[in-house]
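# Summary of structural features
Residue-level listing of the chains:
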Amino acid sequence: MQYRCFNTEIADGVAQIELKRGDELNTMVPEFWRELPDIVREIDADARARVIVITSTGRHFSAGMDLSVFTDRQSAGVTEPPERSRAAARLRDRLSALQESFTVLERVRMPVLVAIQGGCVGGAVDLVSACDCRYASEDAFFVVQEINLGMTADVGTFPRLCHLLPQGWVRELAYTGRRLPAAKARELGLVNDVLPTHAALIGHVMAVAKEIAEKSPLAVHGSKVMINYARDHSIADGLDYIATWQAGMYNPETDMREALTARQEKRPPRFADLLPRGKEII
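Values in this document were obtained by computation on a predicted structure and should not be read as measured data.

The next point concerns the packing of aromatic side chains. Aromatic rings in a pair are described by how distant their centres are and how their planes are angled relative to each other. In the structure shown here, the tally under the stated rule is six aromatic pairs. For the ring pair Y229 and Y241, a centre distance of 4.2 Å and an interplane angle of 35 degrees mean the geometry is tilted. Here Y229, found in helix 9 (residues 217-232), pairs with Y241, found in helix 10 (residues 235-249); they are 12 residues apart in sequence, far enough to count as distant. Given a relative accessible area of 22%, Y229 falls into the partly exposed group. Among the aromatic residues, those joined into a ring-pair cluster are F6, F32, W33 and F102.

As structure tokens, this is what we get:
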């Protein structure tokens with residue numbers, strides 16, 4: 001399938017989703033918001049990969065939401081001014097749909113890594129904060145651009161950044177709209193590594209992705225579920241949930257045996273892929 005905003009390629013258990021509108025600064029046009037979740041859900045539904053990597057083309061990762069989306073949010077399908085409360089209810093639904101476009105990155109069974117070069121602005125911060133791991137080139141920078149447009153970021157920046165950065169830094173970035181350079185982002189823990197060039201960045205992230213793809217997909221999936229759950233719950237809740245998860249998922253006769261056997265035989269382990277998600281009710 002052809003996409004306006006993305007190229008996709010799957011090899012060796014790694015699905016690379018590449019933003020391809022570099023000449024337009026990879027702005028998030030209306031098609032972007034429909035295509036990204038469709039691609040991610042398809043990879044997950046068919047278990048087509050063990051890791052997803054999001055990359056970009058051009059000087060900047062993404063300049064954020066295209067102005068056409070702001071216009072569309074206000075007037076789509078409207079021929080006359082609607083009653084205020086009904087317009088507000090519709091806007092809330094549309095915001096929830098935009099949020100879901102990135103929340104899907106958290107819900108898929110495989111880790112999502114993202115490689116960021118140049119500007120990561122506005123809605124792009126929402127995107128990368130929903131990924132499992134972030135990596136940047138030396139020229140990368142992050143901007144909570146919404147404050148510079150006279151609005152509050154609303155697609156996921158604050159619910160997620162408050163778990164990724166010290167709260168004082170979240171507030172400074174949110175209130176001022178200043179740039180957060182890649183080196184400082186690494187110092188604060190927002191990005192895992194900073195690489196000197198875009199090419200080095202892509203090479204590094206793909207190497208990390210391939211290393212993850214060699215692990216048990218079921219164990220990786222369980223780890224992602226538990227990390228997300230622990231973020232959103234108390235320690236006691238997290239302990240209880242991992243005990244319940246292990247009671248249902250743990251099987252030493254399959255992946256654990258293969259991992260130990262492969263180590264003894266000094267060969268790479270061979271793990272079965274996850275099964276496709278069931279689409280039938282019965």
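That covers the picture; the talk isn't over yet.
Taken as a whole, this structure holds 18 salt bridges when the rule is applied. Between D44 and R109 there is a salt bridge, with the nearest N and O atoms lying 2.8 Å from each other. Linking D44 in helix 1 (residues 30-45) with R109 in the loop between helix 3 (84-107) and strand 4 (112-116), this pair joins segments that are 65 residues apart in sequence. Among the ionic pairs, E253 bridges to R257, the shortest N-O distance being 2.6 Å. On the criterion of helical spacing, the pair formed by E253 and R257 is a turn pair, its members being four residues apart in helix 11 (residues 252-265).

Let us look at the state of the cysteines. Per the counting criterion, the structure on display carries zero disulfides. Unpaired in terms of disulfides, C131 finds its nearest cysteine sulfur in C133, a separation of 9.1 Å.

It is at 9 Å that the axes of helix 1 and helix 3 come closest, and there the two elements cross at 30 degrees. Here helix 3 runs roughly parallel to helix 1, going by the angle between their axes. Between helix 1 and helix 3 the crossing geometry is left-handed. When helix 1 is examined against helix 3, the residues F32, W33, L36, P37, V40 and R41 are found in contact with a partner set consisting of L98, E100, S101, F102, V104 and L105. In the contact of helix 1 with helix 3, the residues fall into nine nonpolar, one polar and two charged.

Moving on to the environment of R4. Tracing the sequence through the fold places R4 in the segment before strand 1 (6-11). For the pair R4 and E31, spaced 27 residues apart in the sequence, the C-alpha separation amounts to 7.1 Å. In this structure, R4 is in contact with K20, R21, V29, E31 and E35, ignoring residues within four places of it in sequence. A polar side-chain atom of R4 sits 3.0 Å from a polar atom in the side chain of E31.

Formed by 53 residues in total, the largest nonpolar core has its most connected members in F32, I54 and L127. Residue assignment for this core shows that the elements contributing at least two residues are strand 2 (14-19), helix 1, strand 3 (51-56), helix 3, strand 4, helix 4 (123-129), helix 6 (167-176) and helix 7 (182-188). Ranked by the residues each element gives to this core, the list is headed by helix 1, at six residues. Setting aside its immediate chain neighbours within four residues, F32 contacts C5, F6, L19, P37, F102 and L127.

Take the sheet that holds strand 3 next. Taken together, the six strands give an open sheet; going across it, the order is 1-2-3-4-6-9, and neighbouring strands pair in mixed fashion. The outermost strands of the open sheet, each flanked by one partner alone, are strand 1 and strand 9 (193-195). Each adjacent strand pair in this sheet contributes to an overall mean axis angle of 20 degrees, direction not counted. As paired elements, strand 1 and strand 2 share six bridges and run antiparallel to each other. Each residue of the ladder has a partner; that of F6, found in strand 2, is L19.

Cut-offs and rules
- Residues numbered from 1 in each chain as written.
- Predicted model: local features only at pLDDT ≥ 70, side-chain atom pairs only at ≥ 80, totals over all residues.
- Heavy atoms only, no water.
- Phe/Tyr/Trp six-rings, centres within 6.5 Å; stacked < 30°, edge-to-face > 60°.
- Helix = DSSP H or I, 4+ residues; strand = E, 2+ residues; numbered from the N terminus.
- Buried < 20%, exposed > 50% of the residue type's maximum accessible area, 1.4 Å probe, protein only.
- Salt bridge = Lys/Arg side-chain N within 4 Å of Asp/Glu carboxyl O.
- Disulfide = S-S within 2.5 Å.
- Axes fitted to C-alpha atoms, helices over the stretch in contact; angles between N-to-C directions.
- Parallel < 35°, antiparallel > 145°, perpendicular 65-115°, else oblique.
- Left-handed = near helix turned anticlockwise from the far one by under 90°.
- Contact = heavy atoms within 4.5 Å.
- Nonpolar A, V, L, I, M, F, W, Y, C, P; charged D, E, K, R; others polar.
- Polar contact = N/O pair within 3.5 Å; in protein donor to acceptor, adjacent residues only side chain to side chain.
- Core = buried A, V, L, I, M, F, W, Y, C linked by side-chain atoms within 4.5 Å.
- Pairing = 2+ DSSP bridges.

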